Amino acid sequence: MAAPAPSAPALRLDGLGKRFGTTDAVVDLSLTVPPGEVFGFLGPNGAGKSTTIRMLLGLLRPTAGAARVFDVPAADVERAHRWLAYVPADVALWPSMTGRECLDLLAGVGPGTDGRYRDELVERFALDPDRRARTYSTGNRQKVALVAAFSTRAPLLVLDEPTSGLDPLMEREFRACIAEAAARGQTVFLSSHQLAEVEAVCSRVGILRSGRLVEVAGLADLRRLHRAEVVVELGTAAPDLQHLADLPAVSDLRWSGPLRLELSLSGPPGAVLRALGDADVAHLEVREPTLEEIFLDYYGQVPA
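Note that this is a predicted model, so its numbers are computed, not measured.

All right, on to the overall build of the protein then. Assigned secondary structure in the protein consists of 10 helices and 14 strands. For the protein, buried positions account for 47% of its 304 residues. Of the contacts made within the protein by residues no fewer than 6 positions apart, 69% connect residues no fewer than 24 positions apart. Approximately 14600 Å² of the protein is accessible, and the part contributed by carbon and sulfur atoms is 51%.

Pairing geometry for strand S1 (residues 11-20) and strand S2 (residues 23-33), over seven bridges, is antiparallel. Across the sheet, Leu-13 pairs through a bridge with Leu-31, a residue of S2.

So, about the side chain of Gln-186. One can find Gln-186 in the loop between helix H6 (168-183) and strand S8 (187-192). There is a polar contact of 2.7 Å between the side chain of Gln-186 and the backbone oxygen of Ala-154. Only 3.0 Å separates the side chain of Gln-186 from the side chain of Arg-184, close enough to count as a polar contact. Leave out the neighbours within four places in its chain, and Gln-186 touches Gly-36, Glu-37, Thr-152, Arg-153, Ala-154, Pro-155, Leu-157 and Ala-181.

A separate point is the sheet that holds S1. With respect to topology, four strands assemble into an open sheet ordered S2-S1-S4-S5, the strand pairing being antiparallel. Only two strands of the sheet have a single neighbouring strand rather than two, namely S2 and strand S5 (72-73). Packed on one face of the sheet, helix H1 (residues 49-56) meets S1, S2 and strand S4 (64-69) and runs near 115° to S1.

This part is about the state of the cysteines. Disulfides are covalent bonds that connect the sulfur atoms of two cysteines. By the definition in use, this model includes zero disulfides. Residue Cys-102 stays outside any disulfide, its sulfur separated by 19 Å from that of Cys-177, the closest cysteine. Look at Cys-102 and you get buried, because its relative accessible area is 0%. The structure places no disulfide on Cys-177, whose sulfur is separated from the nearest cysteine sulfur, that of Cys-202, by 15 Å.

Quick look at the nonpolar core now. Core analysis: the largest hydrophobic core is formed by 77 residues, its most contacted members being Leu-56, Phe-150, Leu-159 and Phe-189. If one sorts the elements of this core by residue count, helix H5 (residues 138-150) sits on top with seven residues. Contact partners of Leu-159, with chain neighbours within four places excluded, come to Val-87, Phe-150, Phe-174, Ile-178, Val-188, Phe-189, Leu-190 and Ser-191. Listed in part, the 14 residues of the second largest apolar core include Leu-244, Leu-263, Val-272 and Leu-276.

This paragraph deals with unusual backbone geometry. Despite not being glycine, Asp-71 shows a phi value in the positive range, around 70°. Mapped onto the secondary structure, Asp-71 falls in the loop between S4 and S5. Of the residues examined, Asp-71 reaches a relative accessible area of 36% and is grouped as partly exposed. A positive phi angle is found at Asp-252, which is not glycine, with a value near 55°. Along the chain, the position of Asp-252 falls in strand S12 (residues 250-257). A residue is classified by how much of its surface remains accessible, and Asp-252, at 48% relative accessible area, is partly exposed.

In terms of domain boundaries, the protein breaks down into domain 1 (11-218) and domain 2 (227-288). Domain 1 and domain 2 are separated by 44 Å when their C-alpha centres are compared.

Taken as a whole, this structure holds three aromatic pairs when the rule is applied. Aromatic side chains Phe-39 and Phe-189 sit 5.8 Å apart centroid to centroid with 0° between the ring planes, which places their arrangement in the stacked category. In this pair, Phe-39 is assigned in strand S3 (residues 38-42) and Phe-189 in strand S8, connecting sequence segments 150 residues apart. When its relative accessible area of 0% is taken as the criterion, Phe-39 is described as buried. Taken together through their ring pairs, the aromatic side chains of Phe-39, Phe-41 and Phe-189 make up a single cluster.

Parameters and conventions
- Residues numbered from 1 in each chain as written.
- Predicted model: local features only at pLDDT ≥ 70, side-chain atom pairs only at ≥ 80, totals over all residues.
- Heavy atoms only, no water.
- Helix = DSSP H or I, 4+ residues; strand = E, 2+ residues; numbered from the N terminus.
- Buried < 20%, exposed > 50% of the residue type's maximum accessible area, 1.4 Å probe, protein only.
- Contact = heavy atoms within 4.5 Å.
- Areas by Shrake-Rupley, 256 points an atom, 1.4 Å probe, with all protein chains shown as cover.
- Pairing = 2+ DSSP bridges.
- Polar contact = N/O pair within 3.5 Å; in protein donor to acceptor, adjacent residues only side chain to side chain.
- Axes fitted to C-alpha atoms, helices over the stretch in contact; angles between N-to-C directions.
- Disulfide = S-S within 2.5 Å.
- Core = buried A, V, L, I, M, F, W, Y, C linked by side-chain atoms within 4.5 Å.
- Domains from an automatic or database assignment.
- Phe/Tyr/Trp six-rings, centres within 6.5 Å; stacked < 30°, edge-to-face > 60°.

Structure representation (structure tokens):
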């Protein structure tokens, strides 16, 4: 099987939209994911993540726009699926087959499997492949799908809430497998609401809100777009620092003690540092927001 064109995006969504009756589930979604990127697709339940994925898999017909996989129309399922492997949030297996038989069947319909790596993953995920699928827990069914996907040679891995039912140790193995896939040059499109997971493995994220893509940025850029918390501890009093509040990037300036100043900062801290030039600064700390805080900020919530 020929490799996909090296210049083609792994995923391209152009004005993608889906309406169910009078409800807009996905609205005018445009996104490009280049080959080799680990991209995080964020949003709470009901935001439109799974609907988007079903369209790019060719399982749903868009109301508007189009999706392409390595320049192959997603609607051309037979061709598009030559380049991808998919793990859903709730895996269904053939109940009378063993895990090993399920893996063999999945290997036979995909774009090729590295058998040695698959055997290694079976061990790493502590999967008993000789049990019937009907006896598997949710987590074990998920392991079968993850082993099948990660051992494939597919240039694109589409993972929709893939760690459902996994314990923390298996989640660590999952993250290691993502890193190994990226090192091989595979593209990963990871839909998740587990923000720590996305922050650990993704280089860029998109945030979906009510079916609309409200932000796409690298993690470092995303943090720069949002408030950081700055704490300044002084060696001696400096009553003239109130002028910091006039800086356009500064908000919520407050004194939490006679020698301790706190403020919220949007963007780089250069202007604040210059304004503190004559002050007797004993300690300065800049705490960047976590991905969870950024995410909740988009939804008008404050993390506990």
